Each structure stands twice: as C-alpha cells, then as structure tokens.
Amino acid sequence: MNCPWCEREMQLGTITGDSRSKVRFQPEGVKYSFGELLAGTGLVTAARYNWFYQGTPAHFCSHCKKMVIETDVSR
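Here's a quick rundown of the structure. In this text the structure is predicted, and so the values were computed from the model without any measurement.

1. Here's the deal with unusual backbone geometry
In the Ramachandran plot, Glu7 falls in the positive-phi region, its phi being about 70° despite a non-glycine side chain. Locating Glu7 in the fold gives a position in the segment before β1 (11-16). One non-glycine residue, Lys65, lies in positive phi territory at about 60°. Residue placement: Lys65 occurs in the loop between β3 (54-61) and β4 (66-68).

Structure follows, in structure tokens:
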C-alpha cells in the first residue's frame, strides 16, 4: 500500500493491545465514563481477540511515521 500522505511504500504490521483490555479507539478530547467503558464504547471491531493475542492489521510509513488501519469502531 502507498502512503496517502507522501505516496511512498508502507510496511504492513499490526496494532496490538494487552491482555488486560481490548483494543479501543478514543477520539481526542473525549473521556469515556466507566459505564461507557463497560458498554464497549470505542472498541475496535476489526481487532482479533483471544486469550493470547489482540490486534488488527496496519500499514506503517517509516518516512511520515504514520499508520493506516481499516476498521469499524463499534458503538
């Protein structure tokens, strides 16, 4: 995949979470309440989860230092 910012080739990789919580997207300036966190607000549904692994594919541009991921943010 080519970088949408500089058009150089991007390296495919993975964004992962830790085993304590799922991968979550939180917009800048937004703070989720405890109830929203329990309800699953912002969970990244494209991430794959099991007991040993959490992650989603991503493309990284080493020139721009930016990543592109394809995902569907739930709720």
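Having seen the structure, we can now continue with the description.
2. What to know about the environment of His63
Relative to the helices and strands, His63 is located in the loop between β3 and β4. The class of His63 is partly exposed, set by a relative accessible area of 48%. Taking C-alpha positions, His63 is 10.0 Å from Glu7, a pair spaced 56 residues apart along the chain. Contact partners of His63, with chain neighbours within four places excluded, come to Cys6 and Arg8. Separated by 2.7 Å, the side chains of His63 and Arg8 make a polar contact.

Parameters at a glance
- Residues numbered from 1 in each chain as written.
- Predicted model: local features only at pLDDT ≥ 70, side-chain atom pairs only at ≥ 80, totals over all residues.
- Heavy atoms only, no water.
- Helix = DSSP H or I, 4+ residues; strand = E, 2+ residues; numbered from the N terminus.
- Buried < 20%, exposed > 50% of the residue type's maximum accessible area, 1.4 Å probe, protein only.
- Contact = heavy atoms within 4.5 Å.
- Polar contact = N/O pair within 3.5 Å; in protein donor to acceptor, adjacent residues only side chain to side chain.

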